[in-house]
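So you can see what is in the structure, the chains are spelled out below.
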Amino acid sequence: MKKIITKLSLLIIFTLGISVFAQEKKQFSSISNVLKRIIPSDDVDFWVLNYNQYGKDQEIKISGTKKDYTPQFSGFDMFPDEDSFYYIVYSKGGKINYVTDLTGLKTFIGKLDNAEEAAISATIDGYMIDEEFKDVAGNYFDDKNNYYLEMGKLTSKECPYQKTHYVLAVNKASGKITDVEDNGPYIELYNKKCTNNPRLLKIEKKEEPKDEPKKKPAKSTKRK
């Protein structure tokens with residue numbers, strides 16, 4: 001009987017171990033590497049991922065035999081308020097095409113092939129991989145049906161500037177976000193002009209200095 005109980009205990013521990021391992025979080029390495037993992041939905045002759053910063057293009061991925069194309073002066077951002085952008089050039093049936101916005105990027109991706117494509121798709125809804133805070137806004141794990149993405153979102157540009165992190169369940173078959181778990185803000189920044197700056201509120205609550213009592217005039221000691 002003891003042997004049976006021991007075997008059952010070991011089996012339970014082993015099963016739990018597999019379950020935990022299967023849901024082990026993986027971290028997105030960088031936005032550029034995430035974009036490199038794109039698998040186009042259609043058969044294309046070639047495609048090139050470009051990164052433009054300060055007006056200079058850098059080809060960070062080339063798939064297929066590249067042909068001449070026209071550099072683009074606008075594209076899509078994977079992070080709010082970036083001073084740079086990405087764009088994709090590809091050829092299908094001998095015709096050159098360009099992807100310069102997130103909607104076009106989602107069409108280019110088509111059916112989700114991996115967690116990276118799921119994260120890219122989620123950016124259309126305002127979510128982002130926050131490279132500065134990847135521990136809370138740049139992780140994922142998956143199971144048979146879903147990708148589970150830990151991503152950030154800029155939830156306030158006013159005072160305080162705020163970013164919140166979420167866990168998104170993205171269905172592998174449909175590519176749709178089926179569940180969103182709000183984990184609260186992970187960064188809040190105030191500036192001096194914020195009317196709701198906690199430090200300013202504390203200063204305002206301090207008591208104003210009381211007026212000093214007026215001194216009575218000294219009595220004259222002059223004799224008549």
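Our subject is the structure listed above.
Predicted, not measured: the structure shown is a model, and the values here were computed from it.

1. A few points about the pattern of salt bridges
Tallying each qualifying case throughout the model produces six salt bridges. Across the pair E150 and K25 runs a salt bridge whose closest N-O atoms are separated by 2.7 Å. With E150 in strand β8 (residues 146-156) and K25 in the loop between α1 (2-22) and β1 (26-27), this residue pair connects regions lying 125 residues apart in the sequence. Of the residues examined, E150 reaches a relative accessible area of 13% and is grouped as buried. Since its relative accessible area comes to 47%, K25 is described here as partly exposed. With a shortest N-O distance of 3.0 Å, K172 and D142 are connected by a salt bridge. Residue K172 is located in the loop between β9 (161-171) and β10 (177-189), and its partner D142 is located in strand β7 (residues 138-142); the two are separated by 30 residues in the primary sequence.

2. A short note on the pairing of strand β2 (residues 46-53)
The buried fraction of β2 is high, at seven of eight residues. Across eight bridges, the pairing between β2 and strand β3 (residues 56-64) is antiparallel. In the sheet register, N52 faces β3, and the bridge partner there is D57. Here β2 runs beside strand β4 (residues 84-92); their pairing, made up of eight bridges, is antiparallel. Within β4, the residue paired with L49 across the bridge is I88.

3. Re the sheet that holds strand β5 (residues 95-99)
Within a beta sheet, neighbouring strands are joined by backbone hydrogen bonds and run either parallel or antiparallel to one another. Spatial ordering of the open sheet is given by β3-β2-β4-β5, a layout of four strands whose pairing is antiparallel. Both edges of this open sheet fall to β3 and β5, since each of them pairs with a single strand only. Across the sheet, the mean angle from the axis of one strand to that of its neighbour is 20°, orientation sign disregarded.

Conventions used here
Residues numbered from 1 in each chain as written. Predicted model: local features only at pLDDT ≥ 70, side-chain atom pairs only at ≥ 80, totals over all residues. Heavy atoms only, no water. Salt bridge = Lys/Arg side-chain N within 4 Å of Asp/Glu carboxyl O. Helix = DSSP H or I, 4+ residues; strand = E, 2+ residues; numbered from the N terminus. Buried < 20%, exposed > 50% of the residue type's maximum accessible area, 1.4 Å probe, protein only. Pairing = 2+ DSSP bridges. Axes fitted to C-alpha atoms, helices over the stretch in contact; angles between N-to-C directions.

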